[in-house]
Amino acid sequence: MTDNIDNITRRTLDYYDGHAREFFNGTIDHDVTQNIDALLGAIGATPPFTILDLGCGPGRDLKTFSALGHRAIGVDGSAEFVAMARAYSGCEVWQQDFVHLDLPAEMFDGIFANAVLFHIPSRALPKVLADLYAALKPGGVLFSSNPRGDNEEGWNGPRYGSYYDYETWERFMIAAKFSAVHHYYRPPNLPRDEQPWLASVWRK
């Protein structure tokens, strides 16, 4: 089973390594201010915060967090993204496979998991969430945004994805000891059937 999960992860990362520049150009102008504000607004500590950008990609959001005065650290499994994120954001970036995370305990005020956790196979998700929980300070906050669906998972072209409804996602998060803060659908101000993204905020 582990080999299968590792194979899934490797194939998905191979896609991003091979399309890193294309991905950067296609996402650099995406407006995720709503998501960044949702994370920062839920953190009860005194700023500046220490933020982990999980699946930081080429570094767009790292640069934003840093410009806002926070200590932002990125982690990504793609070697191409790690190099790009370091160069673009000027932030510290670690290369780690999410199913084998090695994060410092209780280091982060917030974890920003924007469009990333859905790539993790469902059977590997509990351990990943436990690793993220352990990396948060007491009272720390995890933000996640995933494409929503009817709890199906599998290959979508060269990338693996798991597409949950809110109730299923909540069960995973509660099982990992997180408490729900709030959730919403994106993009804002559209009918629900035109909001493919489920965003949610959770507290340790």
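The paragraphs below set out a description of the structure included in this document. (Residues numbered from 1 in each chain as written. Predicted model: local features only at pLDDT ≥ 70, side-chain atom pairs only at ≥ 80, totals over all residues. Heavy atoms only, no water.)

**Describing the packing of aromatic side chains**
Enumeration according to the criterion identifies 12 aromatic pairs in this entry. Between F65 and F112, the aromatic rings sit 5.2 Å apart at their centres with planes inclined by 80°, giving edge-to-face as the arrangement. Here the residue F65 occupies a position in helix α4 (residues 60-67), and F112 occupies one in strand β4 (residues 108-114), the gap between them amounting to 47 residues. An aromatic cluster of at least three residues, connected via ring pairs, comprises Y15, Y16 and F81. In this structure, K63 is placed above the aromatic ring of Y88, and the distance from its NZ or CZ to the ring centre is 4.2 Å. The residue whose ring lies beneath K204 is Y133, and the NZ or CZ to ring-centre distance is 4.9 Å. (Phe/Tyr/Trp six-rings, centres within 6.5 Å; stacked < 30°, edge-to-face > 60°. Helix = DSSP H or I, 4+ residues; strand = E, 2+ residues; numbered from the N terminus. Lys NZ or Arg CZ within 6 Å of the ring centre and 35° of its normal.)

**Side note on the pairing of strand β7 (residues 159-163)**
Of all the 5 residues making up β7, 4 are buried; the element is thus mostly covered by neighbouring parts of the structure. Inspection of the sheet shows strand β6 (residues 152-156) paired to β7 by 5 bridges, in the antiparallel sense. What sits directly across from W155, in β7, is Y160. Between β6 and the antiparallel strand that follows it, β7, lie 2 residues; G157 among them carries a positive phi value of about 65°. (Buried < 20%, exposed > 50% of the residue type's maximum accessible area, 1.4 Å probe, protein only. Pairing = 2+ DSSP bridges.)

**Describing the environment of T33**
Tracing the chain through its elements places T33 in helix α3 (residues 33-42). Residue T33 is classed as partly exposed on the basis of its relative accessible area, which comes to 41%. Considering only alpha carbons, one finds T33 and D131, 98 residues apart in sequence, at a separation of 26 Å. One polar contact links T33 to D31, side chain to side chain, over a distance of 2.6 Å. (Polar contact = N/O pair within 3.5 Å; in protein donor to acceptor, adjacent residues only side chain to side chain.)

**Some words on the side chain of D109**
Mapped onto the elements, D109 comes out in strand β4. Owing to a relative accessible area of 7%, D109 belongs among the buried residues under this scheme. Setting aside residues up to four positions removed in sequence, D109 forms contacts with I43, A45, F49, T50, L136, K137, G140 and V141. (Contact = heavy atoms within 4.5 Å.)

**Digging into the pattern of salt bridges**
Enumeration over the complete set of coordinates arrives at 7 salt bridges. Ionic pairing is found between D61 and R60, a salt bridge with its closest N-O pair at 2.8 Å. Across the pair, R60 and D61 agree in class, each one buried. Between E106 and K204 there is a salt bridge whose closest N-O contact spans 3.9 Å. Of this pair, E106 sits in the loop between β3 (92-95) and β4 while K204 sits in the segment after β9 (197-203); the two residues are 98 residues apart in sequence, bridging distant segments of the chain. One network of salt bridges, in which partners are shared, links R10, D14 and D17. (Salt bridge = Lys/Arg side-chain N within 4 Å of Asp/Glu carboxyl O.)

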